[in-house]
Every structure is written in structure tokens, then in C-alpha cells.
Amino acid sequence: MESAYAIEVQGLHKSYGDFEAVKGIDLQVKVGEIFALLGPNGAGKTTTIEILEGFLTPNSGHVRVLGYDPIKHERNYKERIGIVLQETEVEEFLSVEESIRLVRSYYQDPLPLDDILAATGLTDQRRVRPRKLSGGQKRRLDVAMGLAGNPDLLFLDEPTTGFDPHARRDAWDMLRNLRELGKTVLLTSHYMDEVEHVADRAAVMIDGKIISEGTPQELAHESEPTISFSADTNLSLPAELDSHATRDGSHCELSPPNLVETLHVLTGWAIENNVQLEDLSITRRSLDDAFVQLTRSADEESED
Amino acid sequence: MNSLRLLGVQFAYENLKFWRNSIAAFFTVALPLVMMVILCLLFGSQQTSSGNEPIYLSTFYVPAMSAMAVIGACFTNIAMEVAISRDRGLLKRYRGTPLPTSTLVCAKLAHAVLLGFVLVICLVCVGAWLFDATVSDIRIGMFAVILVLGSATFCALGLAIAAVIPNAEASPAIVQAIVLPLLFISDVFLPMDNAPAWLQWIASVFPVRHFALGLQSSFHPILMNNIQEWVHVVVLTIWFLVGLLVATRYFRWEQKR
């Protein structure tokens, strides 16, 4: 019987000589889910994904992908996965269509050529050689080749690194198309906004460890909300708020532990002292801020 | 049946890629043909005689250039192609698909070997028709044995060199630095009969000279050397095994990090 999880990882360790790239991670990716592994360069994302793809042998830990042990390089396993590597080129002397046709021929049950071209937005470039493709189009050709075998599980290692904003939007649309095809996707990314747009769940990976995991919303909520306003006054804030406040001239930001209580105290103080709170707003920090905050606190911990 | 189909598909693409890569196609295909035409134009009219018939020097250049063509198609071509494919991440990409490694390697080797055979046939035809090379005295069995064994040896050595080349940028320099001097001391451009003994001795360690001499002596008896043909077969076989050992031991799917 097939597991509800496409990927199951427990206690995964991988070292290169003295350098420990992955320090015991657990990971579970459900069938049909788009899961993002998020982290800065050198966090161990690519090492992790390449273990799951079968390119690297872990030092220890339990790894099952679609019920297979990837390192055995079983042909049946390769039939069911699609791999988009981080840095790889395509055959420069083959056109887009020829490259995809070639990869399709390796699989028992590939996707129709036209569907692959449509899903990756390469229909108009089908007869073009890679030299004449833009960076974004080349990357989409990588994805097209990963998709060619109609895989149940697609690995995407940094699918949009180096893209301009427009190309990234196109890529996100493409990833959402994959969800409609019912694919399970494991992707790695540097970008929180990318995760916010495409992932169902994400794990933040820093320094070989997963430090946080959840939906993009849950990850964002791990950071506290911020109250901001402008007040044209020399009065100091109530003592219980002052310690959470950062003031820059008339502009003030508060990151309180308890939002409702703080608002109550703040508005009470404003009415009492007849202070206008201009542009009063409560904002959740964006996922990007949360990411920076998470990585920074992890850095501080490791320095201790 | 399915794996045969896959081999056919991969072979067809290797062939397509090869001919579209004009630099590789030029050096592998045109160079031996052009070299033979030039050498035959320069020296082809020189003749000796064997019995009643005159033997032109073109009879020497047909098997000599055949050796160069096979070395180009098998050794040079494979070494560069594999090193470049590896550094560009293409081998790793193949590794992630259901395409069996054996099919990938066989398609590449089959393409190189068949290309070498076709070139040899072209050289024989051009030599016979345009430059009066004597082809009637060929011992076809021995010629075929040396040709097949040499192709296998230079394929294995091509894979071996690709495995030990540090990166693709270095591959043309390394490969040419190996091939060119060996061609010059191995009876390919010029007969080595008058060369110093120590140089002949050095050349005889390497497979290029045995391949060239083996093809020559089986092509026409007048080109027989003082080295026995079984020696050529033994030396080529040893180098084949060395190449195979190094290639399988040090093969890499991706560039060193």
C-alpha cells in the first residue's frame, strides 16, 4: 500500500569530510503537496534534495521516497520522479522540442509533448536552440525535461534563482499548473515571497537544521505583529509600552507581546492626552521579514 | 526489445548532436580526409615496386590515416565529449532519468566506433580511386581484427582520459598533448624506419604505433614491419584493459566540487 507521504525522512545526516552539511533533519511531504525547503546559501538544501534524488549517500538516517530508497538507483524509482537540478545545462545542439522528445523516450508513460510545452510556456520556442533562449526560458526547459516522464514527484532545486520579477511570476504560474496536474513537488528557494505564492507547506532550513516548519501563513505568524503610527508629541509613551517601542522622530513602531492589551493601553493613553495617532496600523511582518528574523536568531544561537 | 529501442533512440541523438557540432565534426571527419589528400598530393607519386606492379606511397597513407581517423573518432571525440557533458551537468541529468547507464555508454561508443569504420571505408575508397593506392593485397580478416580491437582500445582510453581530466576547459589541451606527439612517432605521418632505436622503443610502448602498424601490415605486405602482428594484438589488448580499468574506477557523473 502506498503511504500518504511521498517523502519521509528521519534523522538525516550528511557530512563532507569534517563539514556537517545536514545535521539530523526530519521531513514529511504529503502526496499532492507543494513543499518548499527554504534557506540561505549553504544551509544544506541542495544536499538534502540530492540525497532524495539519489545522487548523494547519507551518513545516517532513514529515507523513503515513494516507498523507494533513492540511493539504489532503481529504474522504477526514476520512472516516477522528475529532477530539475540547480546548475545544469541542456544539450546545446538540440532544439527545445528535440530535448524534450529525447527525455520523453526514456519513460514508459510520458506526458504528451504538447502538454509539456503548454505547461512550461515553451510552445512558441519549440524549434529554438538553447543558445537563443532567455535565462527564464532555459530554466523552464529544465522544468519541461523534469516533467517529461509524467512524474508523481518533481524535485526543483532553486527553480527561479537569477530570474527577473516578470520571469518569476511566470514560473509561479507554471508551478501552480503543476499542482493542478496533481504532482507532488519539493522545491528549494531563497525567497520567502516565492514560498508564499506557490507552497502549501515549507520548512526553514539553516545551518543543516530545520528550525521551523508549517504553512507559509504559520511561518509568517511566528513573527510578532507590529503597531505603527505617527504622533506629533513630546510626551513619552506609557512605561509598559516604552520598552517595546522604537521611535524615529514622530514615527513610532511597537512590537508588543500582546496585541489587544497594547492597543487598549495605547489608545487610552492617546485619548487621555489628546494625542492624534496618525496612520495607525497593525501589520504582520511579511514572510521575508520573518525569514530574516528566523535566520538571524539562528545565527545568534550558533554564535553562543 | 525496449532497451534496444532505447539504444537506437540514444544513438540517433548522439549522431544528430555530433553532426550539428561543426567543430567536432570537422576535426573528426574532415581532418583525416584532408590530411590524406594533402599527404598523397605531396608524396603519393613516390613509388616502389612489388613484383610487376608499382606501389605508390598512398598505399602507406590509407591505413595510416585510417588509424588517425579511428583515434580521432574514438579517443579524442569520446574524451572531449564526455568531459564536456560532465562539466555541463548533462551526465548528471541522464543519471536522474530511467535511461540505463549501459545504454548511454553503449550509444556513445557505438557512435564513435561506427563513425571510425565509415571514415576508414571513405579513406580506402578515396585512396584507391584518386591516388592509386593498392588495395588488392589487403588481408581483410587481420585488418578487421586490428580495426575492431583498436577501436575498442581507443574508446576505453577515451573514457579513461575523460575520467581523469580535471575539467572540460583542460580537455582539448590534455587530449591533443597526448595524441599529437604520439601520432608523429607512430608511423602515421611518416614511416619510422629511419628513426633512432630509442624513439622507436618509446613509441612501441604506446598503442598508437601498434594500431597504425597493424593496419598497415595487414593492408599491404610491403608495409610489414619487423614487429610481429601478434605483438600488436597483445599490446592493444593490454591498453584496452588498462583503459577499461581506469574508466570504471574513476568515472564521475558530475564535475568535482
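Up top you'll find the structure we're talking about.
Predicted model only: the values in this text are computed from it and were never measured.

**What about empty space enclosed by the protein?**
What the rule picks out here adds up to two cavities of 30 Å³ or more. As a volume, the largest cavity reaches approximately 190 Å³. Taken together, the elements giving at least two residues each to the lining of the largest cavity come down to β5 (81-84), α3 (96-104) and α5 (135-147) of chain A together with α4 (90-95) of chain B. Of all the elements, α4(B) adds the most residues to the lining of the largest cavity, at four residues. Class assignment for the residues of the lining of the largest cavity results in 13 nonpolar, five polar and three charged. Considering only enclosed or pocket space, the second largest cavity measures out at about 70 Å³ in volume.

**Quick look at the packing of α3(A) against α5(A)**
Residues and elements named next belong to chain A. Running from N to C, α3 and α5 point in directions that differ by 25°, and their axes come no closer than 8 Å. Considered as vectors, α3 and α5 are oriented roughly parallel to each other. The hand of the α3/α5 crossing is right-handed. Contacts between α3 and α5 involve Val96, Ser99, Ile100 and Val103 from the former and Leu141, Ala144 and Met145 from the latter. Looking at the contact of α3 with α5, its residues break down into six nonpolar, one polar and no charged.

**Topic: the interface of chain B and chain A**
Chain B puts 23 residues into the contact, and the matching count from chain A is 27 residues. The contact between chain B and chain A buries some 2,600 Å² in all, and 53% of this surface belongs to carbon and sulfur atoms. Looking at the side of chain B facing chain A, the largest losses of area belong to Arg88(B), Arg93(B) and Pro98(B), adding up to 28% of the total buried there. The interface formed by chain B and chain A holds six salt bridges in total. In this structure, the salt-bridge partner of Arg88(B) is Glu92(A), at a minimum N-O distance of 3.9 Å. Counting the contacts that link chain B with chain A gives 16 residue pairs in polar contact (both at pLDDT 80 or more). Residue assignment for the side of chain B that touches chain A shows that the elements contributing at least two residues are α1 (2-20) and α4 of chain B. By residue number, the principal contributor to the side of chain B that touches chain A is α1(B), which donates nine residues. Of the residues in the side of chain B that touches chain A, the class split is nine nonpolar, six polar and eight charged.

Analysis parameters
- Residues numbered from 1 in each chain as written.
- Chains lettered and ligands numbered in written order.
- Predicted model: local features only at pLDDT ≥ 70, side-chain atom pairs only at ≥ 80, totals over all residues.
- Heavy atoms only, no water.
- 1 Å grid on protein atoms, 1.4 Å probe; cavity = no way out; pocket = protein on both sides within 12 Å on 5 of 7 lines; lining within 4 Å.
- Points joined across faces, edges and corners; volume = space filled by probe spheres on them.
- Helix = DSSP H or I, 4+ residues; strand = E, 2+ residues; numbered from the N terminus.
- Nonpolar A, V, L, I, M, F, W, Y, C, P; charged D, E, K, R; others polar.
- Axes fitted to C-alpha atoms, helices over the stretch in contact; angles between N-to-C directions.
- Parallel < 35°, antiparallel > 145°, perpendicular 65-115°, else oblique.
- Left-handed = near helix turned anticlockwise from the far one by under 90°.
- Contact = heavy atoms within 4.5 Å.
- Buried area = accessible area lost by both parts, 1.4 Å probe.
- Salt bridge = Lys/Arg side-chain N within 4 Å of Asp/Glu carboxyl O.
- Polar contact = N/O pair within 3.5 Å; in protein donor to acceptor, adjacent residues only side chain to side chain.

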